[in-house]
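# Tertiary structure, described
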Amino acid sequence: MAARPSWRCRVCGAAWPCSPARLALLGEYREDRIGLLIYLATLLYEATGDLPGQAGHDRLTDRFITWARAR
């Protein structure tokens, strides 16, 4: 899970979701990609309030959601 309000990984310090977090989430939601996207969208909404200085909403969308879309 991310350390808030910085949204950095509590383990490695990288921007959350980092690679290990993404792999864990994909495994946890293996059978429920829509559920994963809903969960990530909720976190994106929360992060938008915590990270008002982030360079644009698109950057946060890529960070939180785009990677999790079905390929």
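Above this note sits the structure.
### Structural notes on the packing of aromatic side chains
- In this structure the tally under the stated criterion is four aromatic pairs.
- Note on W7 and W16: the rings are 6.3 Å apart at their centroids and 50° apart in plane angle, and the pair reads as tilted.
- The exposure class assigned to W7 is buried, which follows from its relative accessible area of 0%.
- Through a chain of ring-to-ring contacts, the aromatic side chains of W7, W16 and F64 assemble into a single cluster.

### Observations regarding the environment of D32
- Locating D32 in the fold gives a position in the loop between α1 (19-28) and α2 (33-50).
- Within the structure, D32 has its side chain in polar contact with the backbone nitrogen of G35 (distance 2.9 Å).

What counts as what
- Residues numbered from 1 in each chain as written.
- Predicted model: local features only at pLDDT ≥ 70, side-chain atom pairs only at ≥ 80, totals over all residues.
- Heavy atoms only, no water.
- Phe/Tyr/Trp six-rings, centres within 6.5 Å; stacked < 30°, edge-to-face > 60°.
- Buried < 20%, exposed > 50% of the residue type's maximum accessible area, 1.4 Å probe, protein only.
- Helix = DSSP H or I, 4+ residues; strand = E, 2+ residues; numbered from the N terminus.
- Polar contact = N/O pair within 3.5 Å; in protein donor to acceptor, adjacent residues only side chain to side chain.

So yeah, pure geometry; function would need other evidence.
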